Amino acid sequence: MGGLFGVVSKEDCVMDIYFGTDYHSHLGTCRGGMAVWSGNGFSRYIHNIENTQFRAKFECDLAEMSGNMGIGCISDTEAQPLTVNSHLGHYAITTVGRINNMQALVKKAFAGNFVHFLEMSRGEINPTEMAATLIDREDSFKEGILKVQEAVDGSCTMLILTPEGIYASRDRMGRTPLLIGEKEGALCAAFESCAFPNLGYRLKYELGPGEVVLLTPDGMEKISPPRSKMKICAFLWVYYGYPSSAYEGKNVENMRYRNGALLARNDDVEIDVVAGIPDSGVAHAIGYSNESRVPFGRPFIKYTPTWARSFMPQDQSIRNLVARMKITPIPELVEDKRLLFCDDSIVRGTQMRETVELLYGYKAKEVHIRPACPPLLFGCKYLNFSRSRSEMDLVARQAIKQLEGNESAPLDEYSDPKTEKYGCMIEWIRKELNFTSLRYQNLYDMLEAIGLPEDKVCTYCWSGRE
């Protein structure tokens, strides 16, 4: 994934950009960047943050930056913000999203006599550069932004820093959020509203799908209205959103409490302790515990002093090692206990299998697993929340392959909890990962916990429905 944060102010705002961007660190691990308009030009810094935190990398740059407008980003995919000089003027741009039709857009640009694109590692084109290219072929920032929203297959939420102010645009279908905060003398734009309170901002406005606004030190101007159709990603609440953030007026932590309670309401297992897989599984587990009246406990703890980041390296073997090293068990709370764990989801299952083996190694009596969403059957086509190279990495797809004997079996019955095939898939996963029992949240209860109409929430990765 990725996160972005921007500020326009009547005073110097570098520290707000620094801390506001840092509050998006849970959304990515690869690159961080900041760009500030000084009044005469841009000060821009981009750093690799794979092995350290954003704050530590950028602390030394703060003395070299000053200005009353700026943007920052956390990215799992590319170095940004980019600074651009075009017929529209000098600007900086940062984006969050995914461009599925990159090659078609590149081919079209070359056919229109566009000279070149700079390649990233592995020969890939920077998606943010593509967005800038589409913008620069139009006569204004408004027309350029709307062109990006029309042309991109996937999603593209963006901030564009100009000498006049910051253009903020939410992606066409509203798959990712973009919120405006305000305090005296300043406005900010953020992916995560958790950045607001400690910086003194309060929510002013939430952009609708495809909407464009211009932020200046004097206020907010609506440039293009929102579209009527929205498909916001459900995983914002289930997994990668920060607990104190809210989207479409629905708080993440409260959703997880409700979701865990609904999991418990449909369960009848006899257990001694309810626990959550840290971090995002914890709130689901609290909800489960409150509803079931079974005590909440922490049989293992994440070692946060050196393993504070929530995302993992891209290499699978290193990711498994990091996951294992993060967790420190408490033997006295494990031995001879019937444990139930809530987690946000099961993706490949590798880490969950190792966690359960660790618990059995400390003499757990039973280990029951309750994922807070349905089985993942489809790779996301709209956001880069997962770096899986293939849908067949998903443990549910591995189960179907084994049950059907091929990779191309129809998936409709496997996404329906009422069918026999769904039950067989769950049982295969349970045995493969060595759980005492396994019961997934169903789609309708998950949506009830979110509290938005079904037609406004994207559930493609579970249902396969656009």
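This text follows the structure it describes.
Residues numbered from 1 in each chain as written. Predicted model: local features only at pLDDT ≥ 70, side-chain atom pairs only at ≥ 80, totals over all residues. Heavy atoms only, no water.

> Is there a simple way to think about the pattern of salt bridges in this case?
For side chains bearing opposite charge, pairing can occur when the charged atoms are close. Under the definition given, this model contains 19 salt bridges. The salt bridge partner of Glu-182 is Lys-204, with a shortest N-O separation of 3.7 Å. One end of the pair, Glu-182, is in strand β9 (residues 179–183); the other, Lys-204, is in strand β11 (residues 202–206), and 22 residues separate them in sequence. Judged by relative accessible area, which is 36%, Lys-204 ranks as partly exposed. Here the salt bridges do not stand alone but share partners, grouping Asp-267, Arg-370 and Arg-439 into one network. (Salt bridge = Lys/Arg side-chain N within 4 Å of Asp/Glu carboxyl O. Helix = DSSP H or I, 4+ residues; strand = E, 2+ residues; numbered from the N terminus. Buried < 20%, exposed > 50% of the residue type's maximum accessible area, 1.4 Å probe, protein only.)

> Would you take a moment to explain the sheet that holds strand β7 (residues 154–161) for this structure?
An order of β5-β6-β7-β8-β12-β13 is seen for the six strands of this open sheet, with the pairing classed as antiparallel. Edge positions in the open sheet fall to β5 (82–86) and β13 (219–224), since each of these has one partner strand only. On average, adjacent strands in this sheet sit at an angle of 30° to one another, irrespective of strand direction. Bridging between β5 and strand β6 (residues 89–99) involves five bridges; their strand directions are antiparallel. Among the inter-strand pairings, Ser-86 is bridged to a residue of β6, identified as Gly-89. Where helix α4 (residues 127–136) meets the sheet, it contacts β5, β6 and β7, and its direction lies at approximately 125° from that of β6. (Pairing = 2+ DSSP bridges. Axes fitted to C-alpha atoms, helices over the stretch in contact; angles between N-to-C directions. Contact = heavy atoms within 4.5 Å.)

> I tried to follow unusual backbone geometry on my own but got confused; where do I start?
Note: most residues except glycine have negative phi, and most peptide bonds are trans. In this model, Gln-80 is joined to Pro-81 through a cis peptide bond whose omega is 5°. Topologically, Pro-81 is positioned in the loop between β4 (69–75) and β5. A cis amide bond links Pro-278 to the next residue, Asp-279, at an omega of 5°. Of note in this structure, Arg-293 is not a glycine but carries a positive phi near 65°. Among the structural elements, Arg-293 can be located in the loop between α8 (281–292) and β18 (300–302). With a phi angle near 65°, Asp-336 is a residue other than glycine that sits in the positive phi range.

> Sorry, what's going on with the side chain of Ser-345 here?
Tracing the sequence through the fold places Ser-345 in the loop between β20 (338–343) and α10 (350–361). A distance of 2.8 Å separates polar atoms of two side chains, one belonging to Ser-345 and the other to Asp-344. The residues contacting Ser-345, other than those within four sequence positions of it, are Phe-235, Pro-371, Cys-373 and Leu-376. (Polar contact = N/O pair within 3.5 Å; in protein donor to acceptor, adjacent residues only side chain to side chain.)

> Looking at this structure, I do not really get helix α3 (residues 102–111). What am I missing?
Within α3, burial applies to Met-102, Leu-105, Val-106 and Ala-109. Along the axis of α3, the buried positions cluster into a sector of 100°, meaning they face one direction only. Opposite its buried face, α3 presents the exposed residues Gln-103, Lys-107, Lys-108 and Ala-111, each directed more than 90 degrees away. Looking at the buried side of α3, the elements it contacts are β6, α4 and α5 (141–151). Two residues or fewer past α3, Asn-113 is found with a positive phi of approximately 70°. (Arc of directions from axis to C-beta.)

> Would you mind showing me how to read the packing of α4 against α5 here?
The angle between the axes and the distance between the axes are what describe a pair of packed helices. In the contact formed by α4 and α5, the axes pass within 7 Å of each other and the chain directions differ by 125°. With respect to α5, the axis of α4 lies oblique. Considering only the axes of α4 and α5, their crossing is right-handed. Two secondary-structure elements touch here, α4 through Ala-131, Leu-134 and Ile-135 and α5 through Phe-141, Gly-144, Ile-145, Lys-147, Val-148 and Ala-151. Broken down by class, the residue content of the contact of α4 with α5 amounts to seven nonpolar, one polar and one charged. (Parallel < 35°, antiparallel > 145°, perpendicular 65-115°, else oblique. Left-handed = near helix turned anticlockwise from the far one by under 90°. Nonpolar A, V, L, I, M, F, W, Y, C, P; charged D, E, K, R; others polar.)

> What is the right way to look at the sheet that holds β20 in this model?
Two orientations exist for strands paired in a sheet by backbone hydrogen bonds: parallel and antiparallel. What the four strands build is an open sheet, ordered β17-β20-β21-β22; its pairing is parallel. Each edge of the sheet is formed by a strand with only one pairing partner; in this case those strands are β17 (273–276) and β22 (437–438). Of the pairings in the sheet, the one linking strand β21 (residues 366–371) to β22 comprises two bridges and is parallel in character. Bridged to Ile-369 within β22 is Leu-438. Across the sheet, α10 touches β20 and β21, and the angle it forms with β21 is around 155°.

> Would you mind going over the environment of Thr-304 with me for this structure?
Mapped onto the elements, Thr-304 comes out in the loop between β18 and α9 (316–326). In sequence terms Thr-304 and Lys-326 are 22 residues apart; their C-alpha atoms lie 7.5 Å from each other.

> Explain helix α13 (residues 443–450) here, please?
Because each turn of an α-helix spans 3.6 residues, side chains separated by three or four positions end up pointing in the same direction. Taking burial as the measure, the eight residues of α13 include six buried ones, the bulk of the element. Inspection of α13 places Leu-443, Asp-445, Met-446, Leu-447, Ala-449 and Ile-450 among the buried residues, and these make up the whole buried set. Buried residues along α13 sit in contact with α6 (235–240), β16 (250–251), α7 (252–265), β23 (457–458) and α14 (460–463). Capping the start of α13 is the job of one residue whose side-chain oxygen sits 3.1 Å from the backbone nitrogen of Tyr-444: Asn-442.

> What should I look at first to understand the packing of aromatic side chains in this one?
Aromatic rings in a pair are described by how distant their centres are and how their planes are angled relative to each other. According to the stated counting rule, one finds 15 aromatic pairs in the structure shown. Here the aromatic rings of Phe-300 and Phe-341 are separated by 5.2 Å at their centres, their planes lie at 10°, and the arrangement is stacked. One end of the pair, Phe-300, is in strand β18; the other, Phe-341, is in strand β20, and 41 residues separate them in sequence. Judged on exposure class, the residue Phe-300 and its partner Phe-341 are both buried. The positively charged end of Arg-175 is found above the aromatic ring belonging to Tyr-382, 3.5 Å away from the centroid. (Phe/Tyr/Trp six-rings, centres within 6.5 Å; stacked < 30°, edge-to-face > 60°. Lys NZ or Arg CZ within 6 Å of the ring centre and 35° of its normal.)

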